[in-house]
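# What the coordinates show
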Amino acid sequence: MPQPAYSDIGASYVARGFELAFQKGVRRYAIIPLSINIVLFSIAIYFIFHYTAIWVADLVAWLPEWLRWLEVVVWPLIIIGVLLLFALTFTSVANIIASPFNSLLAEKVEERLTGIRAPGGGVAGMIKDIPRTLGREMQKLVYFIPRTLGFLLLLLFLPVIGQILWLLWGGWMMTIQYADYAFDNHKIPFRTMRSSLHTHQGKSLTFGVVVAFLASIPVVNLIMIPVAVCGSTAMWVDHMRGQNLP
């Protein structure tokens, strides 16, 4: 039987993810996505420190003269936005490469929390499902890319409000990215998954915003993929599994 809900606060599932990812019996499944993340984010960190100051200066220079008083507010928000852009870009690449292993990790976390072994799961099941898993990642990209471009334009041309909307969108993307592994393991359609997350929008969004913020912090971001997979799977088990499975 599923365990009682760990929390009604979405952000607390990030802490739950840290707890689960390094537990005995789970951490071995986190090693490969963790390794992929370390390699790609090491590259990302270099580019962030090299280009962010230049880009921020250019973006602030775009402000019209009558809005220059907003520079004090806009400067830190733009820095956060640029960091999140890098985090989301490199996380997307890492997630495509690591998606089969993330699915296996979500499966093992769900087994641990529910005591129910997935039929046809394990490494053999992961290998068999690689085409479907990669196809699901493509569905996410098709959903993410046009919306990200729209919010990026708001980030650049709508001071303050654009930055806030960008942060919220980044959080929503993180939630969809990581929560989807548990849904996809049960072959729940992408649209149904999004609808279920909308039903729990408060929990889903706060979870994703915290993940997006931590994914923009050097060193911390190195471990965020397995942590986010574990935390979102725990949220699925506690709040959404019963509503989506017969």
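Notes on the structure follow. All values reported here derive from a predicted model rather than from experimental measurement.

### What to know about the environment of Gln201
- Relative to the assigned elements, Gln201 resides in helix α8 (residues 201-215).
- Residue classification places Gln201 among the partly exposed residues on the basis of a relative accessible area of 40%.
- Linking Gln201 and Trp172, residues 29 residues apart in sequence, is a C-alpha distance of 9.0 Å.

### Some thoughts on the packing of α8 against helix α9 (residues 224-244)
- Between α8 and α9, whose axes approach to 11 Å, the crossing angle comes to 170°. Relative to α9, the element α8 lies roughly antiparallel. Each of Lys203, Ser204, Phe207, Val211, Leu214 and Ala215 in α8 lies in contact with α9, whose residues at this interface are Met224, Ala228, Gly231, Ser232, Met235, His239 and Met240.
- Of the residues in the contact of α8 with α9, the class split is eight nonpolar, four polar and one charged.

### What to know about the packing of helix α5 (residues 130-157) against helix α6 (residues 161-185)
- The N-to-C vectors of α5 and α6 enclose an angle of 175°; their axes lie 10 Å apart at closest approach. Considering their axes alone, α5 and α6 lie roughly antiparallel with respect to each other.
- When the residues that make up the contact of α5 with α6 are grouped by side-chain class, the tally is 14 nonpolar, six polar and seven charged.

### Remarks on a nonpolar patch on the surface
- Together, Val39, Ile43, Tyr46, Phe47, Tyr51 and Ile54 give the surface a local cluster of nonpolar side chains, amounting to about 550 Å² of exposed area.
- With respect to the element layout, Phe47 can be found in helix α2 (residues 27-61).

### Notes on the pattern of salt bridges
- Inspection of the entire model under this criterion finds 10 salt bridges.
- Asp180 is the partner of Arg136 in a salt bridge, and the nearest nitrogen-oxygen pair spans 2.6 Å. Of this pair, Arg136 sits in helix α5 while Asp180 sits in helix α6, and the two are 44 residues apart along the sequence. Comparing Arg136 with Asp180 shows no difference in burial state: the two are buried.
- The residue Lys140 makes a salt bridge to Glu137 at a minimum N-O spacing of 2.9 Å. Within this pair, Lys140 and its partner Glu137 are both found in helix α5, separated by three residues, close to a single helical turn.
- Judged by relative accessible area, Lys140 falls into the buried class, the value being 1%.

### Focus on the packing of aromatic side chains
- Summed over all chains, the structure comprises six aromatic pairs.
- Ring centres of Tyr143 and Trp169 lie 6.1 Å apart, and the angle between their planes is 50°; this geometry places the pair in the tilted category. Of the two residues, Tyr143 sits in helix α5 while Trp169 sits in helix α6, which places them 26 residues apart along the sequence. Both residues of the pair, Tyr143 and Trp169, belong to the buried class.
- In this structure an aromatic cluster arises from ring pairing among Tyr143, Phe144, Phe151, Trp169 and Phe190.
- The ring of Tyr181 carries the charged tip of Lys140 above its face, separated from the ring centre by 4.2 Å.

Thresholds applied
- Residues numbered from 1 in each chain as written.
- Predicted model: local features only at pLDDT ≥ 70, side-chain atom pairs only at ≥ 80, totals over all residues.
- Heavy atoms only, no water.
- Helix = DSSP H or I, 4+ residues; strand = E, 2+ residues; numbered from the N terminus.
- Buried < 20%, exposed > 50% of the residue type's maximum accessible area, 1.4 Å probe, protein only.
- Axes fitted to C-alpha atoms, helices over the stretch in contact; angles between N-to-C directions.
- Parallel < 35°, antiparallel > 145°, perpendicular 65-115°, else oblique.
- Contact = heavy atoms within 4.5 Å.
- Nonpolar A, V, L, I, M, F, W, Y, C, P; charged D, E, K, R; others polar.
- Patch = residues over 30% accessible without salt bridge, like charges linked within 9 Å, V, L, I, M, F, W, Y side chains within 5 Å.
- Areas by Shrake-Rupley, 256 points an atom, 1.4 Å probe, with all protein chains shown as cover.
- Salt bridge = Lys/Arg side-chain N within 4 Å of Asp/Glu carboxyl O.
- Phe/Tyr/Trp six-rings, centres within 6.5 Å; stacked < 30°, edge-to-face > 60°.
- Lys NZ or Arg CZ within 6 Å of the ring centre and 35° of its normal.

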